Amino acid sequence: MKLTEEQLQEAIERNTAETGGDDERAYQQVFAALRRPSGRSFSAGFEDAVMDKVQQQQVRRRSREYVWYIVGVVLMVIATVVAVLWTGFQLNFGFLYSISAYSGVFVFGGAFILFLHLLDRRLLHNKKSV
Amino acid sequence: MIDDKVLVSRVLGGDTQAFRLLIRQHERLVLHMVGRLIKNEAECEELCQDVFVRVYQKLGDFNFGSKLSTWIGTIAYRYAINALRKQKHAWSDIPDEEQFSSSFIEESNPETLVAEEDSDAFVMKLMNLLPPQYKVVLTLYHIEGMTYPEIGEITGMPEGTVKSYLFRARNLLKEKVKKYLGKEELL
């Protein structure tokens, strides 16, 4: 029975072809060559070269982030100055005088925040680390 | 062999030895993938280095939706075809099937290709004359032992196209080898 090209390829792949014809011989040769890995390989310092490139990229990325950080701060200062000049805003601490008589509230508020912080550290963080 | 998830988490944790191990485990795949399309050795090695740098940068995005090797193969494939495009190589569609097949089988003289090399080298030289898509599919299937879905995932080709390219590529190589075999017997 004559096999179709597709059947012949499948048979060669499964090692079950027995036609003995030219097509089979040619396919055997092709499949054998394709299975053979190429003799190419990387140079000895390939891994080191990759690691060097990774490090260089990290340095470049860090300096880029630093530049963007500086740009952000400068832009924020400029925006603040423009907004103050534009709106004629004047800083006034007068509101502090009106609440200066309630210093006990501030002390309690501060102490309460510290207490919550302490509880957080003692209870929650300890549980997480277990 | 270390589990992919463990390896990836160690690399993401800043373990450079783990990344070196990742390179060693996948360098063969990347070399086969890129080397099959980029012939210049220095350029190929440079490109393979860039592939691993990209892997390092993007490893945090890898969500184990596929095998790590498939994901790395996809990056290598994209780098290789981009490099081909930069070299102004045609990478669009496979040339007209019938026209390409007849010119591939008829035109170049196998004797000039084979010279004094063995038959495997002869077949590999013929393979280099095939369109890049055929070469990639042949390499991933036969040398890397990948499945049709894995090849499809790497190349972005539908599974049917992968099967069809593989069939056509092997058929073209067979026809050429058959022609050579005939001549060899006459000698």
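No experiment lies behind these values; they were computed from the predicted model shown.

Caption draft 1: Representation of the overall build of chain A within the structure. Along the backbone of chain A there are 5 helices and 0 strands. The helix and strand sequence of chain A, counted from the amino end, reads α-α-α-α-α. Radius of gyration (C-alpha) of chain A: 38 Å, far over the 14 Å computed for a compact globule of 130 residues. If one aligns the C-alpha atoms of chain A with their principal axes, the spans along those axes are about 105 × 45 × 35 Å.

Caption draft 2: Structural context of the domain arrangement of chain B. Residue and element names in this part refer to chain B. Assigned domains of chain B: these are domain 1 (4-86) and domain 2 (97-186). Listing elements by their share of the side of domain 1 that touches domain 2, those giving two or more residues are helix H2 (16-37) and helix H4 (68-86). For the side of domain 1 that touches domain 2, a count of residues per class yields 5 nonpolar, 5 polar and 1 charged.

Caption draft 3: Expanded view of the interface of chain B and chain A. Every contact between the two is made by 28 residues of chain B and, on the other side, 28 residues of chain A. Among the elements of the structure, H2, helix H3 (41-58), helix H7 (119-128), helix H8 (132-143) and helix H10 (159-186) of chain B are those that each provide at least two residues to the side of chain B that touches chain A. Taken together, the residues of the side of chain B that touches chain A sort by class into 14 nonpolar, 7 polar and 7 charged.

Caption draft 4: Expanded view of the nonpolar core. Residues and elements named next belong to chain B. Counting 55 residues, the largest nonpolar core has Val30, Val34, Cys48, Val51, Ala76, Ala80 and Val137 as its most contacted members. For this core, the leading source of residues is H2, giving 9 residues. Those residues within four positions of valine 51 in sequence are excluded, and the remaining contacts are Val30, Val34, Ile75, Ala76 and Tyr79.

Caption draft 5: Representation of the domain arrangement of chain A. Assigned domains within chain A: domain 1 (5-35), domain 2 (42-91) and domain 3 (93-130). Each of domain 2 of chain A and domain 3 of chain A has a C-alpha centre, and these two points are 35 Å apart.

Caption draft 6: Seen up close, unusual backbone geometry. Despite not being glycine, Phe64(B) shows a phi value in the positive range, around 60°. With respect to the element layout, Phe64(B) can be found in the loop between H3 and H4.

Rules used in this analysis
Residues numbered from 1 in each chain as written. Chains lettered and ligands numbered in written order. Predicted model: local features only at pLDDT ≥ 70, side-chain atom pairs only at ≥ 80, totals over all residues. Helix = DSSP H or I, 4+ residues; strand = E, 2+ residues; numbered from the N terminus. Rg over C-alpha atoms; globule rule 2.2 N^0.38 Å. Domains from an automatic or database assignment. Nonpolar A, V, L, I, M, F, W, Y, C, P; charged D, E, K, R; others polar. Contact = placed C-beta atoms within 7 Å. Core = buried A, V, L, I, M, F, W, Y, C linked by C-beta atoms within 7 Å. Buried ≥ 20, exposed ≤ 12 C-beta atoms within 10 Å, placed from the backbone.

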